[in-house]
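Structural overview
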Amino acid sequence: MGLRVYNTLTRTKQDFVPRTPGRVDIYQCGITPYDYTHMGHARQYVFWDTVRRYLRWRGFEVFCVQNVTDVDDKIIAKANERGTSPAEVAAEYHEDFLDVMDRLGVERPDVFPKVTEHIQDIIRVIEGLVEKGYAYQVDGDVFFDVTRFPDYGKLSRRSPDEMMAGARVEVDPRKRNAMDFALWKASKPGEPAWDSPWGPGRPGWHIECSALALKYLGSGFDFHGGGDELIFPHHENEIAQSEAYTGQEPFARYFVHHAMLNVGDAKMSKSLGNFFAVRDVLRQYEPGVIRYYFASRHYRSPASYSADELEAARRAYERLRSTLDAARRRIADAGRTGASGRASQAPADDEASSAGSRGDELSKAASEAREKFIQGMDDDFNTAVALAAVHDLARSVNDALHSGSEVSSGGLRRAVDTMEELGGILGLFREKEEGAADSGLMDGLVELLVQVRGELRAKKEWALADRIRDGLREMGIVLEDTASGTVWKREK
Ligand SMILES: [Zn+2]
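The structure contained in this document is the topic of the report that follows. Since the model is a prediction, treat every value here as computed from it, not as a measurement. (Residues numbered from 1 in each chain as written. Predicted model: local features only at pLDDT ≥ 70, side-chain atom pairs only at ≥ 80, totals over all residues.)

Observations concerning the overall build of the protein chain
The test is simple: A helix here means a DSSP run of H or I that spans at least four residues, while a strand means a run of E at least two residues long, and both kinds are numbered starting from the N terminus. Remark: C-beta atoms are placed from the backbone, and a residue is labelled buried if 20 or more other C-beta atoms sit within 10 Å of its own, exposed if 12 or fewer do, or partly exposed between those counts. The contact criterion used here is simple: two residues whose C-beta atoms, placed from the backbone, lie within 7 Å are in contact.
Within the protein chain, the regular secondary structure consists of 16 helices and 15 strands. Counting only C-alpha atoms and orienting by the principal axes, one finds that the protein chain spans roughly 95 × 50 × 35 Å. For the protein chain, buried positions account for 41% of its 492 residues. The long-range share in the protein chain, meaning contacts at least 24 apart out of those at least 6 apart in sequence, stands at 73%.

Some details on helix 10 (residues 307-337)
Counting along an α-helix, one turn takes 3.6 residues, and residues three or four places apart therefore face a common direction. Rules: In this analysis, the expected span of each helix is defined as 1.5 Å times one less than the number of residues it contains.
For helix 10, which comprises 31 residues, the first-to-last C-alpha distance of 44 Å matches the rise-based estimate of 45 Å (1.5 Å per residue) to within 8%. On the buried face of helix 10, the contacting elements are helix 9 (287-295), helix 12 (383-401) and helix 13 (409-425).

Focus: the environment of arginine 490
Its place among the elements puts arginine 490 in strand 15 (residues 485-490). Apart from the residues within four sequence positions on either side, arginine 490 is in contact with Ser322, Gly476 and Ile477.

As for the packing of helix 4 (residues 119-131) against helix 6 (residues 205-217)
In plain terms, the rule: Fitted lines through C-alpha atoms serve as axes, helices being fitted only where they are in contact, and the angles separating the N-to-C directions of these axes extend from 0 to 180 degrees. When describing relative orientation, an angle under 35 degrees is termed roughly parallel and one over 145 degrees roughly antiparallel, while 65 to 115 degrees is termed roughly perpendicular and anything else oblique. Ten residue types, Ala, Val, Leu, Ile, Met, Phe, Trp, Tyr, Cys and Pro, are classed as nonpolar, four, Asp, Glu, Lys and Arg, as charged, and the remainder, Gly among them, as polar.
Close contact between helix 4 and helix 6 brings their axes to 9 Å; oriented N to C, the two are set at 100 degrees. Classified by the angle between their axes, helix 4 and helix 6 sit roughly perpendicular to one another. For the pair helix 4 and helix 6, contact is made by Asp121, Ile122, Val125 and Ile126 and by Ile207, Glu208, Ser210, Ala211, Leu214 and Lys215, respectively. Class assignment of the residues belonging to the contact of helix 4 with helix 6 gives a composition of 6 nonpolar, 1 polar and 3 charged.

Section: the sheet that holds strand 3 (residues 23-28)
Operational definition: Strands pair, by our definition, only if DSSP identifies at least two bridges between them.
The 4 strands lie next to each other as 4-3-9-10, forming an open sheet whose pairing is parallel. Two strands bound the open sheet, and with one partner strand each, they are strand 4 (61-66) and strand 10 (252-258). Taking the axes of each pair of neighbouring strands and ignoring which way they run, one obtains an average angle of 25 degrees across the sheet. Bridge count for strand 9 (residues 221-227) against strand 10 is 6 bridges, and the pairing is parallel. Counterpart to glycine 227 in the pairing with strand 10 is histidine 258. The sheet strands contacting helix 6 are strand 3, strand 4 and strand 9, and the helix crosses strand 4 at an angle near 150 degrees.

Considering unusual backbone geometry
Across the junction of phenylalanine 232 and proline 233, the peptide omega takes the value 0 degrees, indicating a cis bond. Mapped onto the elements of the fold, proline 233 is located in helix 7 (residues 231-246). The linkage connecting glutamate 249 with the following residue, proline 250, adopts the cis geometry, with an omega of 0 degrees. Its place among the elements puts proline 250 in the loop between helix 7 and strand 10. The phi dihedral of arginine 157 falls on the positive side, at around 55 degrees, and the residue is not glycine. Inspection of the secondary structure assignment puts arginine 157 in the loop between strand 6 (141-144) and helix 5 (160-166). With 13 C-beta atoms packed within 10 Å, arginine 157 lands in the partly exposed category. At lysine 460, a residue that is not glycine, the phi angle is positive and equals roughly 60 degrees. Along the chain, lysine 460 falls in the loop between helix 15 (436-458) and helix 16 (462-474).

Some details on the environment of aspartate 25
Along the chain, aspartate 25 turns up in strand 3. When the C-alpha atoms of aspartate 25 and phenylalanine 60 are compared, they prove to be 10.0 Å apart, with 35 residues separating the residues in sequence. Not counting residues within four places of it along the chain, the set of residues in contact with aspartate 25 comprises Arg19, Phe63, Leu217, Phe221 and Asp222.

A word on the pairing of strand 2 (residues 12-15)
By the bridge criterion, 4 bridges tie strand 1 (residues 4-7) to strand 2 in an arrangement that is antiparallel. Paired with arginine 4 across the strands is aspartate 15, a residue of strand 2. Adjacent in sequence and paired antiparallel, strand 1 and strand 2 are bridged by 4 residues, among which arginine 11 carries a positive phi angle near 60 degrees.

Here we look at the sheet that holds strand 5 (residues 135-138)
Here 4 strands make up an open sheet; going across it, the order is 5-6-7-8 and the pairing antiparallel. This sheet does not close on itself; its edge strands, each paired only once, are strand 5 and strand 8 (201-203). The sheet shows a mean angle of 20 degrees between the axes of neighbouring strands, direction not considered. Two strands pair when backbone bridges link them, and strand 7 (residues 181-186) and strand 8 are joined in this way by 3 bridges, in the antiparallel orientation.

Put into structure tokens, the structure is as follows:
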């Protein structure tokens, strides 16, 4: 069975059929940079990063477009408050977004279009809508006439009354219908403005996504992503504008909406002021912990943000990583001591056969984990199941390491590689790449001390041996003497 995805358009899980075989085109609604990027945003971009990594791993070519709404009422308000320009405000918070996303290991989109650099593209679409009779201008403003698009409401499945209530419609006697929304806004004094056939002004919010998606992806692309709060009116309006403009449907084949991140009973948002900036959370938790926290929840389940939840994620992630570390050390040991060491390279004779069967078990566990991971991700990107598969494999590795018997390093290596490969799709275990040089040196030094301590113990130099153990413990490194030798781990 292949990938199935919950599509808001149909309210069902559907088989994923790409527009172009072997390729997936994605559009995501991007940020409006007027404040720091918070954990609610991170949920979206981490999720889509995982989707992109997964689809690529499954052999798809993946292409992702994500806009930046760098002109907006809130940006203008903040600039006025500070006495700077909207461009400066947008640049500052866009920079924060890039920085924290890089640190979370979120790959940048292939195209990252800024609205202010695409005004002509947007004007062209508005002109087309006016020509076709879907839009009209009044005093330098241009509105979309929702009654001209019979399918209006098909995504949100709301009645006109419900839509009225949900849209917080601005009362404007110049509009033909209360639900009509602005495509172009005549500029007020002191606001950024661009020339247009309707006079100086700036684009409305909804039209930018239609224009940018159509420019870079064309009609009928695969995934449109965004938070479920955008279903109405934003995505409803995107569909109306785009399908009216092109005369083709669908605008996007699958609308994929993630649930909000809540704090208590309210969604985390800039406008409510109850948000946790990613940059602050990153001071306390490493990126892998944050990725773990998001991966442990299905994207369509509302999640509640709290310090306890993050702590739980940290502990669980540490467990995974200490298993990986221990397994890597065992493999490195085997490499140093050769086939006669505690972990043998290959079962060459009878003595090694138990190591061989342990290794076979680990190879089997790795295959099972891979299968479960794929099943989870193919079932509407269920990262919680995928993460559980990594945990299952870690448990097998742990059992093998602590069994007291030999483990063939072939099986162990396969298990470790699989953990890293699958974890990597979820954005885990990247610390290795980042601090590879430092942590390699650190591990080497600890290994050396552990070996020296072993030699001291063999000579019954207990005081010195204990001094090494106690000193390491003060640095957060715990030694454990087992039947198969001394193992060490980082304590947090
Ligand atoms: Zn959008």
